[in-house]
Structures are given as C-alpha cells and as structure tokens.
Number of protein chains: 2
Amino acid sequence: MTKFSMLRREENTKKFKRGETIFAEEDPADVMYVVLTGVVDLKSKGISVNQVSEDEIFGEMALIDNSPRSATAFALTDCTLAAIDQKRFEFLIQQTPNFAVQVMGVMADRLRKLTELSLNN
Amino acid sequence: MTKFSMLRREENTKKFKRGETIFAEEDPADVMYVVLTGVVDLKSKGISVNQVSEDEIFGEMALIDNSPRSATAFALTDCTLAAIDQKRFEFLIQQTPNFAVQVMGVMADRLRKLTELSLNN
C-alpha cells in the first residue's frame, strides 16, 4: 500500500497496546491515523478487510464524508499512531497536492480489491 | 452522488449514441469523464455497478493508479461527456483543493456501497 512518509513527523501521537481497540464500527469519527510503528487490523462485520503497517493510513473516510466508522480497528501489535484531524487534513490537501493523490491511490486500491471480492462471491 | 458543476465548461467534449460503448473493462486508460448530458452505465463482469448522471464523474481511477479500466462504460441514453486527461486532472487538484475532496467523496461513496455488497454476500 502507498507509503505516507511525509506524515512521519506528525505531532499528535498516541500509543496502543497489542489487542487494544482503536475505534469500533459505527463510532462517530473525527480523525484519520497514520501508523508510525506497528500493525493495525481492520474488520468489518467481524471479517478482516485490511492490515495497515508503518507509514500507511486508515480511517481517512471519516474525514472525507463525515460518516461513522465503516470498520473496527485494533492493534495487532503494540502501535504508535499519529492522529490527523479535519483541519490538518484540509491543510495537507491544500499544501501538498501529492498527499491528495496518494490518499486517492489508497482508496483506488481498496476499491479494486473490494470489486474483485464482491463480484467473485 | 457528488455533483461536479465546476467541470461543466470543460472543452474536450465527445458525444456518444445510446447503446455505444465508451470504454471496456481492461482497456488501457488515460482520461476520466464528466457527464455533461445523459446517463452512463458501468458494468463489471456483466453486473451493473453504477449509473452516472449529469455533473457526475467516472473513470477517475485510471488517473489515480494508471491501471486498466475496472469496468465497462456504455451510454444508457445519448450522452455528451467531457474528457479530462492526467495533466488537466493534476492541474484541477492543485488549483482546486475542493475538487480533490470531491473526487475522494465519490470514491468513499463507492467504497461504502461495495463494502456493504461484498460483506452481505
């Protein structure tokens, strides 16, 4: 998956222990996360839909369409995450057009995988 | 779906007759389209996955990850489309951060729908 090394120095960081829930499906949402260390698992209706590693992002959909979380995220290992709120997200898009293209790349990747999955079922 | 009225005055337009194929799954791809008039149907493996109307976009994934078309697009009615190539797409992202957010919104919408579809099967 796309690497967001430009986000390595984000300051609003948070640590999670292995097994801890970061957010749950249907939770209200106001930040996306970038993984600084560790691995995060995303589950939708109990099914693992994605694993997210160092320099990768998750939870970005909350900032795009202001909907509740579409998946549950939990720490597969001890993790350090940086949280990016709406204001910071908009700043990154305005100041770094490449950031916007990279976020779109992550979404395109997920869309292609899900299209495969849903049409093969 | 999100309306891209900011693209109404794009100049590189093309007309398609009802029933005509605009592009086919697996075709190499270098433009996205905005629908100026008419309705376009998108099919993946023979299954209709989306209908796109006036001021809505399709084919944007080609510009994001340079992959072949993930769906077949055909004109459900007579259509006028505007084609937006890579260079124009990047210009729009740089000059109009809101355009980037809107494209992400379209992708988020498709992701949520596909997640529902694939997990309910």
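What counts and how
Residues numbered from 1 in each chain as written. Chains lettered and ligands numbered in written order. Predicted model: local features only at pLDDT ≥ 70, side-chain atom pairs only at ≥ 80, totals over all residues. Heavy atoms only, no water. Contact = heavy atoms within 4.5 Å. Buried area = accessible area lost by both parts, 1.4 Å probe. Salt bridge = Lys/Arg side-chain N within 4 Å of Asp/Glu carboxyl O. Helix = DSSP H or I, 4+ residues; strand = E, 2+ residues; numbered from the N terminus. Nonpolar A, V, L, I, M, F, W, Y, C, P; charged D, E, K, R; others polar. Buried < 20%, exposed > 50% of the residue type's maximum accessible area, 1.4 Å probe, protein only.

### Focus on the interface of chain A and chain B
So, step 1. Listed by partner, the interface residues are 32 residues for chain A and 32 residues for chain B.
So, step 2. Across the chain A to chain B interface the summed buried area is about 2,900 Å²; carbon plus sulfur atoms make up 74%.
So, step 3. At the boundary of chain A with chain B, the tally comes to 2 salt bridges.
So, step 4. Across the pair Arg-112 of chain B and Asp-65 of chain A runs a salt bridge, and its minimum N-O distance is 2.8 Å.
So, step 5. The set of elements that each furnish at least two residues to the side of chain A that touches chain B consists of α1 (61-65), α2 (86-95) and α3 (97-120) of chain A.
So, step 6. Broken down by element, the residue count for the side of chain A that touches chain B peaks at 18 residues, all from α3 of chain A.
So, step 7. Its residues placed into classes, the side of chain A that touches chain B shows 18 nonpolar, 9 polar and 5 charged.

### With respect to unusual backbone geometry
All names here are of chain B.
So, step 1. Look at Glu-26: it is not a glycine, yet its phi comes out positive at around 80°.
So, step 2. Here Glu-26 is to be found in the loop between β2 (21-23) and β3 (31-37).
So, step 3. When its relative accessible area of 59% is taken as the criterion, Glu-26 is described as exposed.
So, step 4. You will see that Lys-45, though not glycine, has its phi angle at about 50°, which is positive.
So, step 5. On the secondary structure map, Lys-45 appears in the loop between β4 (40-44) and β5 (47-52).
So, step 6. Taking the relative accessible area as the measure of exposure, Lys-45 reaches 43% and is therefore partly exposed.

In short, shape yes, function no, at least from these values alone.
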